[in-house]
Amino acid sequence: MGSVDENVRELKSYARGIFSQQPNRLYVRCLVLTETHARLVHFDRAGTQVTPLVDLYQHPATFVRLIVGLANVEERLLGLDDSIQFTLIDGRRTGGTLTTTGPTGDAKTYPILEHIPIPRETIRGRGTVCWRVQDPDTGEELVVKDSWRPDDRPPEQEYLELAKDIPSVVQMVSYETGRGDTKGFRCPTTAGQFQNRSAVRVTMKSYGRPIEFFTSLSQLLCAIRDAIAGHQRLSGSNVRILHRDISHNNILLGPQGASDGNRGVLIDLDMSFRSTDAKPQVDADCNVGTRMFQSLSVVGSHAPQGLAPPHDYLDDLESFFLVLTYIFITRKPDGSLFACETDLGPSMVNQWDDPDPSAAYRPKSGLFSGSAAGIRAARLIEETWGLICSGLFKKYRAWASGIRRTKAILLKDAQDDLFCFGGEEGDDEGMGVVDPLETLHSQRDEHYAQVLGIFDEAIVAIQTSTHVVEDVNTTPPDGNAPSPAQIPLPTPSDHTQPRRSAQGAPPPQVAAHQVTKPKLSDPPPSAPEPRRSTRILKRRLQEEDQHGEPPLKSRKIKN
């Protein structure tokens, strides 16, 4: 029969396939059987549970109970969510209904329009499943999201309640509680041996597709720009929610004909953190978020050098930059992918997604420096997307690099002060400074204005230019480009007047002769006066930027 590990390893691939093909699956149970023994293996979003070996001759009644239980006709006992009912024609699903709590608090049944696939490599985790449904009363399309929340995480609906009426942030219609948890699927004697997860269902407004499905360059940049503005409002003093999982899948195109400010929508607040007076900050954690788009500070949190920085809004702004870069170096202006993952752009971003944080850190840090990786990325973007997009990339990179260096200097100075006072990490006594990044965070509105201004300048240049991409044999971004929906996606686990920046500054006036030659870089934000160990710190940062890159990997995970 083999060991427990061997049984689990063999059955795991089958269980993963069942979860994938049956999106309403709550758990999967498999029976390992030989001529003398049996063993039941249970899979759910909390992991795996395995029974001891059952001797068929000494315990025949137990064997009969196992067979009868696995052959039960009650859907819930078989591990299926019976609130979802499919319509079958010739044995194939052609539609169905989903029953959940409606806006009035009463049960409501929605016709299912489609299942929205979310590829996952693991069974344990949030196990997010989304359904596009239609309100039978109004005809409005909505999205229902099912997921599994660990007990130590606040439910997403708490954040969505606070985000009500914030432009460019997903809006909740209703939510359902009491849908069950993983401990109810397992033997009570196993309590405390696993992390319990509770089923959560949220009904939300429906928007466009992820930004990878853009149909014009202007649509792409406007979507990211408005999502950043939504992030600014979400993390502002009135709401104080930090997203912490900025990725290409969590920025949607706005609905058709969306107005300014709603052309891109930020979704998925599962991993968010709400700042309070009692706990104003959250530690950076490389196991939170999407590895490919984590900032250098978050990726490096597995082995911090000196004081461990918190995860702040600046890390999320750096993640927006990585999303923009990801699209620039893996896609063409018409939305199509590069030929294969061995091409320069895809091979670069695949290295950012390495499960090992150290291996992901090195190639990603090269993007922010003058190393070969950064030079290759800039050249590729200019050759493929043209000078306007190349200028946008370089300005945003210069801004993010300047913020990173400023952070490093402030944290180094705080560490030196702490050492001089003989304190320990996390001990503020005698220092007089609770937050070493307070001076940087006090410029929050300025930081958002700078980033939004970089996008506004590029958007104006694109909208006033007739030749956005030069000497590139591709369909113009504003032409009739083929839909990216026809192109297979890589597997990593949407004007009238020019826009103004967050500070209300007028948009830059771009003359016709300047459109194809925008400034390629702006000076980074000013850093405080260097102190004792600044030269050593800068030299260490430069050495990090020159590290060699690890072998290419294409595994995509979401932690």
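Residues numbered from 1 in each chain as written. Predicted model: local features only at pLDDT ≥ 70, side-chain atom pairs only at ≥ 80, totals over all residues. Heavy atoms only, no water.

A.B. asks: Where do I start with the packing of helix H4 (residues 217-234) against helix H6 (residues 313-330) in this structure?
C.D. replies: When two helices pack together, you describe them by how their axes are tilted relative to each other and by the distance separating the axes. Between H4 and H6, the shortest axis-to-axis distance is 11 Å and the interhelical angle comes to 170 degrees. On the basis of the axis angle, H4 is roughly antiparallel to H6. Contacts from Leu220, Leu221, Ile224, Ala227, Ile228 and His231 of H4 reach H6 at Tyr313, Asp316, Leu317, Phe320, Leu324, Ile327 and Phe328. Among the residues forming the contact of H4 with H6, the class breakdown is 11 nonpolar, 1 polar and 1 charged. (Axes fitted to C-alpha atoms, helices over the stretch in contact; angles between N-to-C directions. Helix = DSSP H or I, 4+ residues; strand = E, 2+ residues; numbered from the N terminus. Parallel < 35°, antiparallel > 145°, perpendicular 65-115°, else oblique. Contact = heavy atoms within 4.5 Å. Nonpolar A, V, L, I, M, F, W, Y, C, P; charged D, E, K, R; others polar.)

A.B. asks: Looking at this structure, how should I read empty space enclosed by the protein?
C.D. replies: Where empty space is left becomes clear once a probe the size of a water molecule has been rolled over the atoms. Within this model, the largest cavity holds a volume of roughly 140 Å³. A total of 3 residues in the lining of the largest cavity trace back to one element, the largest contributor, which is strand E9 (residues 141-150). Of the residues contributing to the lining of the largest cavity, the split by class is 8 nonpolar, 4 polar and 5 charged. In this structure, the second largest cavity encloses a volume near 60 Å³. Contributing to the lining of the second largest cavity are 14 residues, with Arg244, Phe293, Gln294, His311 and Ser319 lying nearest its centre. Among the elements that make up the lining of the second largest cavity, the one with the highest residue count is H6 (3 residues). When its residues are assigned to classes, the lining of the second largest cavity shows 4 nonpolar, 6 polar and 4 charged. (1 Å grid on protein atoms, 1.4 Å probe; cavity = no way out; pocket = protein on both sides within 12 Å on 5 of 7 lines; lining within 4 Å. Points joined across faces, edges and corners; volume = space filled by probe spheres on them.)

A.B. asks: Just checking my understanding: could you explain the confidence of the model for the protein chain for this structure?
C.D. replies: Do not read the fine detail of predicted coordinates wherever pLDDT is low. The predicted model of the protein chain has a mean per-residue pLDDT of 83, with 80% of residues at 70 or higher. Throughout residues 425-433 the model reports pLDDT below 50, and contacts reaching past four residues in sequence, or to other chains, amount to 11 contacts. Predicted confidence is poor over residues 470-534, with pLDDT under 50, and the contacts of this stretch with residues over four places away or in other chains come to 133 contacts. (pLDDT = per-residue confidence, 0-100.)

A.B. asks: I tried to follow the packing of helix H7 (residues 344-352) against helix H9 (residues 372-385) on my own but got confused; where do I start?
C.D. replies: Two elements in contact, H7 and H9, have axes whose closest approach is 11 Å; the angle formed by their N-to-C orientations is 135 degrees. By the angle between their directions, the pair H7 and H9 is classed as oblique. Between H7 and H9 lies a crossing whose hand is left-handed. Each of Leu344, Gly345 and Met348 in H7 lies in contact with H9, whose residues at this interface are Ala373, Arg376, Ala377 and Leu380. A per-class count over the contact of H7 with H9 returns 5 nonpolar, 1 polar and 1 charged. (Left-handed = near helix turned anticlockwise from the far one by under 90°.)

A.B. asks: Explain the environment of Phe393 to me, please; I cannot follow it from the model alone.
C.D. replies: With respect to the helices and strands, the residue Phe393 is situated in helix H10 (residues 387-420). In the structure, Phe393 is positioned 65 residues away from Ala458 in sequence and 9.9 Å away in space, judged by C-alpha atoms. Setting aside residues no more than four positions away along its own chain, Phe393 makes contact with Phe321, Thr325, Phe328, Leu367, Ala377, Ala378 and Ile381.

A.B. asks: What am I meant to see in the nonpolar core here?
C.D. replies: It is characteristic of soluble globular proteins that their nonpolar side chains tend to be buried jointly. One finds Leu220, Leu221, Ile228, Leu317, Phe320, Phe328 and Tyr396 to be the most contacted residues of the largest nonpolar core, which totals 71 residues. With sequence-adjacent residues up to four places away left out, Phe328 is seen in contact with Leu220, Leu221, Phe338, Ile381, Trp385, Cys389, Leu392 and Phe393. Membership of the second largest hydrophobic core comes to 20 residues, among which are Ile166, Val202, Leu234 and Val239. (Core = buried A, V, L, I, M, F, W, Y, C linked by side-chain atoms within 4.5 Å. Buried < 20%, exposed > 50% of the residue type's maximum accessible area, 1.4 Å probe, protein only.)

A.B. asks: Where do I start with the packing of aromatic side chains in this structure?
C.D. replies: Aromatic rings considered in pairs are described by the distance between their centres and by the relative angle of their planes. Per the counting criterion, the structure on display carries 12 aromatic pairs. When the ring of Phe214 is compared with that of Trp385, the centres are 6.1 Å apart and the planes differ by 40 degrees; the resulting orientation is tilted. A residue pair is termed long-range when its members are at least 10 positions apart, and Phe214 in the loop between strand E11 (197-205) and H4 and Trp385 in helix H9 qualify at 171 residues. Residue class for Phe214 comes out buried when judged on its relative accessible area of 0%. When the ring of Phe321 is compared with that of Phe393, the centres are 5.6 Å apart and the planes differ by 25 degrees; the resulting orientation is stacked. Residue Phe321 is located in helix H6, and its partner Phe393 is located in helix H10; the two are separated by 72 residues in the primary sequence. Take Phe321 and Phe393: they sit in the same class, and that class is buried. Connected via pairs of aromatic rings, a cluster forms that spans Phe321, Phe368, Phe393, Tyr396, Trp399 and Phe455. (Phe/Tyr/Trp six-rings, centres within 6.5 Å; stacked < 30°, edge-to-face > 60°.)

A.B. asks: Hey, could you run me through H4 in this one?
C.D. replies: Three- or four-residue spacings in an α-helix give side chains the same orientation, since the helix completes a turn every 3.6 residues. With 18 residues, H4 extends 26 Å from end C-alpha to end C-alpha; this agrees with the ideal 26 Å at 1.5 Å per step. With 16 of 18 residues buried, H4 is to be regarded as a mostly interior element. (Expected span 1.5 Å × (residues − 1).)

A.B. asks: Would you explain the sheet that holds strand E6 (residues 92-101) in this entry?
C.D. replies: On the basis of which strands lie adjacent, the open sheet formed by 7 strands has the order E5-E6-E7-E8-E9-E11-E10 and antiparallel pairing. Looking along the sheet, the strands with just one partner apiece sit at the ends: strand E5 (84-89) and strand E10 (172-176). Averaged over all pairs of adjacent strands, the angle between strand axes in this sheet comes to 30 degrees, irrespective of strand direction. Pairing of E10 with E11 involves 4 bridges; the strand directions are antiparallel. Bridge assignment links Met172 to a residue of E11, and that residue is Met204. (Pairing = 2+ DSSP bridges.)

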